[in-house]
Amino acid sequence: MKSKVLNTIFQKTLKLVAILILFPLIGISQNQKKKAPTLKGKNIICVYGGWEGHKPYEKMDLIVPKLRAEGANVKVFDTLSVYADEKLMADTDLIIQIWTNGKITEKQFEGLEKAIMNGTGFAGWHGGLGDAFRDNLKYQFIVGGQFLFHPGGHIDHSIKIIDKSDPITQGLKDFNLKKTEQYYMLVDPNIKVLAISEFDRENYEKPKKKENKITGSTMPVVWKKNYGKGRIFYSSIGHHLTEFDVPEVMTMQMRGFRWASEGKYAEKEHTITPAYIK
């Protein structure tokens, strides 16, 4: 009788220990699911304009329906004056900009920078983010890079995923792009680079034309970084709308938007990745 009582107590104790061990793990798992980046319910402003050669309206028209399909509250503007609207900027979780070249006033830039510092994300692609406001060095520091030129014009080239563990690139394989611009950029050496392209052609200029050899160069293509509490996501891909038909391109872009929109809600992610320290 005494043996049965002891056995019962032992079994109940084991069950209690199992519950105490598993319950926190279940809670952690559920908590991790809750923290998965999402655009649902996020306030997003899309700002387009600048050089017409990059078709800002058409590209905004491509991306806005996808944002709304995920439950985002999207407002679209064709003016930089929105950056000076302090209340709107404070309520914004993510800014997507498609504005190549152009000028930004001191007041507009101050509004943009303040919002990012306070946790608003800033994201985009190609010249719409990486070749705007060329005379504003601080803007270039926020983005993490600045376009210089695209050797060879529109050419075939490959994109290599170099960080396969990051949620933005996880599960993606290297891919090819056809007849489009391969950006050569000035880049902050401390950004977290997710994908690169290599300049592996023997020549990039027409015969008999003087050429500053870049063969053998490697260039960051997709990266992420922080600026204050804000998250920055950039991809240099996207000169043509058709590039977004490549599954990997659109997948990275949307994942990047989701990640950048979490600056006010998630713990700050360490993104400083010095290029010259092995």
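Calculation rules
- Residues numbered from 1 in each chain as written.
- Predicted model: local features only at pLDDT ≥ 70, side-chain atom pairs only at ≥ 80, totals over all residues.
- Heavy atoms only, no water.
- Helix = DSSP H or I, 4+ residues; strand = E, 2+ residues; numbered from the N terminus.
- Buried < 20%, exposed > 50% of the residue type's maximum accessible area, 1.4 Å probe, protein only.
- Areas by Shrake-Rupley, 256 points an atom, 1.4 Å probe, with all protein chains shown as cover.
- Axes fitted to C-alpha atoms, helices over the stretch in contact; angles between N-to-C directions.
- Parallel < 35°, antiparallel > 145°, perpendicular 65-115°, else oblique.
- Left-handed = near helix turned anticlockwise from the far one by under 90°.
- Contact = heavy atoms within 4.5 Å.
- Pairing = 2+ DSSP bridges.
- 1 Å grid on protein atoms, 1.4 Å probe; cavity = no way out; pocket = protein on both sides within 12 Å on 5 of 7 lines; lining within 4 Å.
- Points joined across faces, edges and corners; volume = space filled by probe spheres on them.
- Nonpolar A, V, L, I, M, F, W, Y, C, P; charged D, E, K, R; others polar.
- Polar contact = N/O pair within 3.5 Å; in protein donor to acceptor, adjacent residues only side chain to side chain.

*Asks:* So what's going on with the overall build of the protein? Which residues, and what values?
*Replies:* From N to C terminus, the protein includes seven helices and eleven strands. The buried share of the protein, reckoned over its 278 residues, is 46%. As displayed, the protein offers around 15,400 Å² of accessible surface, 57% of which is attributable to carbon and sulfur atoms.

*Asks:* Requested: an account of the packing of helix α2 (residues 56–69) against helix α7 (residues 247–260), with residues and values cited.
*Replies:* Where α2 contacts α7, the axes come no closer than 12 Å and their chain directions differ by 60°. Compared by their axis directions, α2 and α7 come out oblique. Handedness of the α2/α7 crossing: right-handed. Contact residues: Leu-62, Ile-63, Lys-66 and Leu-67 in α2; Met-250, Met-254 and Phe-257 in α7.

*Asks:* Quick rundown of the sheet that holds strand β3 (residues 94–100)? Include the residues and the values.
*Replies:* Taking strand neighbours across the sheet as the criterion, the nine strands line up as β2-β1-β3-β4-β11-β10-β9-β6-β7 in an open arrangement whose pairing is mixed. Since the sheet does not close on itself, it has two edges, and those belong to β2 (73–77) and β7 (175–181), each with one partner. For this sheet, the mean angle separating the axes of adjacent strands, direction not counted, is 20°. The sheet contact formed by strand β6 (residues 154–161) and strand β9 (residues 192–199) spans two bridges and is antiparallel. Note on β9: the bridge partner recorded for Ile-161 is Ala-195. The sheet strands contacting α7 are β3, β4 (121–125), β6, β7, β10 (217–227) and β11 (230–235), and the helix crosses β11 at an angle near 170°.

*Asks:* Account for the environment of Lys-75, with residues named and values stated.
*Replies:* When you line up the elements, Lys-75 lands in strand β2. For the pair Lys-75 and Ile-44, spaced 31 residues apart in sequence, the C-alpha separation works out to 6.4 Å. Excluding its chain neighbours within four sequence positions, the residues that come into contact with Lys-75 are Ile-44, Ile-45, Cys-46 and Leu-88.

*Asks:* Lay out empty space enclosed by the protein with the relevant residues and their values.
*Replies:* In the structure shown here, the tally under the stated rule is two cavities of 30 Å³ or more. Approximately 50 Å³ is the volume found for the largest cavity. Lining the largest cavity we find His-157, Leu-177, Thr-180, Glu-181, Gln-182, Tyr-183, Ser-197, Val-221, Ser-236, Ile-237, Gly-238 and Glu-243. Of the residues that constitute the lining of the largest cavity, the class distribution is four nonpolar, six polar and two charged. The calculated volume of the second largest cavity comes to roughly 30 Å³. Every residue lining the second largest cavity is listed: His-54, Lys-59, Ile-98, Thr-100, Trp-125, His-126, Gly-127 and Gly-128. Among the secondary structure elements, those contributing two or more residues to the lining of the second largest cavity are β3 and α5 (126–130). The leading source of residues in the lining of the second largest cavity is α5, at three residues. The residue makeup of the lining of the second largest cavity, split by class, is two nonpolar, five polar and one charged.

*Asks:* So what's going on with the side chain of Glu-113? Residues and values would help.
*Replies:* Inspection of the secondary structure assignment puts Glu-113 in helix α4 (residues 106–117). The exposure class of Glu-113 is buried, given its relative accessible area of 14%. A distance of 3.1 Å separates polar atoms of two side chains, one belonging to Glu-113 and the other to Lys-138. Sequence-distant contacts of Glu-113, defined by excluding residues within four places in its chain, comprise Lys-138, Ile-142 and Tyr-227.

*Asks:* Describe unusual backbone geometry, and please don't skip the residues or the numbers.
*Replies:* Despite not being glycine, Lys-55 shows a phi value in the positive range, around 50°. With respect to the helices and strands, Lys-55 occurs in the loop between β1 (43–50) and α2. Residue Lys-55 is classed as partly exposed on the basis of its relative accessible area, which comes to 45%.

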